Amino acid sequence: MKRQEVVVNLHDQSELSPAALLVQVSCRYRSDIHIEIGKNKTINAKSIMGVMTYDYRQGESVLVTAEGSDEEEAVAGVCAFLNGRKS
């Protein structure tokens, strides 16, 4: 399992919602990907319903975890997206 903390820095420069974009990025990978928000909330990054419950707060620190054959790439890609970099 690969884990990495990232600071959310999303810029709304798309006609798609951040939730839809996050699911698109996450679905590029075979690994199971989850985002831990605080101590009490974990969401499946590939589930649009789960991701839609996430309140994206600039500057918030979240933990991205992935488990699977491409877990390193998955964590890097999701973290890049959440941090506002190209993924």
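Above: the structure in question.
In short, a report on the structure.

How each quantity is defined
Residues numbered from 1 in each chain as written. Predicted model: local features only at pLDDT ≥ 70, side-chain atom pairs only at ≥ 80, totals over all residues. Heavy atoms only, no water. Helix = DSSP H or I, 4+ residues; strand = E, 2+ residues; numbered from the N terminus. Rg over C-alpha atoms; globule rule 2.2 N^0.38 Å. Buried < 20%, exposed > 50% of the residue type's maximum accessible area, 1.4 Å probe, protein only. Core = buried A, V, L, I, M, F, W, Y, C linked by side-chain atoms within 4.5 Å. Contact = heavy atoms within 4.5 Å. Pairing = 2+ DSSP bridges. Axes fitted to C-alpha atoms, helices over the stretch in contact; angles between N-to-C directions. Salt bridge = Lys/Arg side-chain N within 4 Å of Asp/Glu carboxyl O.

## Focus: the overall build of the protein chain
Here comes step 1: Each helix and strand in the protein chain was counted, giving three helices and four strands.
Here comes step 2: Reading the helices (α) and strands (β) of the protein chain from amino to carboxyl end gives β-α-β-β-α-β-α.
Here comes step 3: In terms of overall dimensions, the protein chain is globule-like: its C-alpha atoms have a radius of gyration of 11 Å, near the 12 Å expected for 87 residues.
Here comes step 4: A buried classification covers 39% of the 87 residues belonging to the protein chain.

## Digging into the nonpolar core
Here comes step 1: Membership of the largest hydrophobic core comes to 24 residues, with the highest contact counts inside it found for L22, I33, I35, V62, V64, V78 and L82.
Here comes step 2: Secondary-structure elements contributing two or more residues to this core are α1 (18-26), β2 (32-37), β4 (61-67) and α3 (71-82).
Here comes step 3: The element contributing the most residues to this core is α3, with six residues.
Here comes step 4: Non-local contacts of V62, meaning those with residues more than four positions away in its chain, are made with Q4, E5, V6, V8, I35, E36, I37, Y54 and L82.

## Comments concerning the sheet that holds strand β1 (residues 2-7)
Here comes step 1: Spatially, four strands are ordered β1-β4-β2-β3 in an open sheet, and the strand pairing comes out antiparallel. Both edges of this open sheet fall to β1 and β3 (41-44), since each of them pairs with a single strand only. The sheet shows a mean angle of 25° between the axes of neighbouring strands, direction not considered.
Here comes step 2: Note: β2 against β3, four bridges, orientation antiparallel. When the sheet's bridge partners are listed, I37 is paired in β3 with K41.
Here comes step 3: Along the sheet face, α3 touches β1, β2 and β4 and points at about 155° away from the line of β4.

## Here's the deal with the pattern of salt bridges
Here comes step 1: Following the criterion strictly, the structure yields one salt bridge and no others.
Here comes step 2: One salt bridge connects R3 with E36, and the closest N-O pair in it is separated by 3.8 Å. Of this pair, R3 sits in strand β1 while E36 sits in strand β2, placing them 33 residues apart in sequence.
Here comes step 3: You can call R3 partly exposed: its relative accessible area is 44%.

Keep in mind these numbers describe shape, not what the thing actually does.
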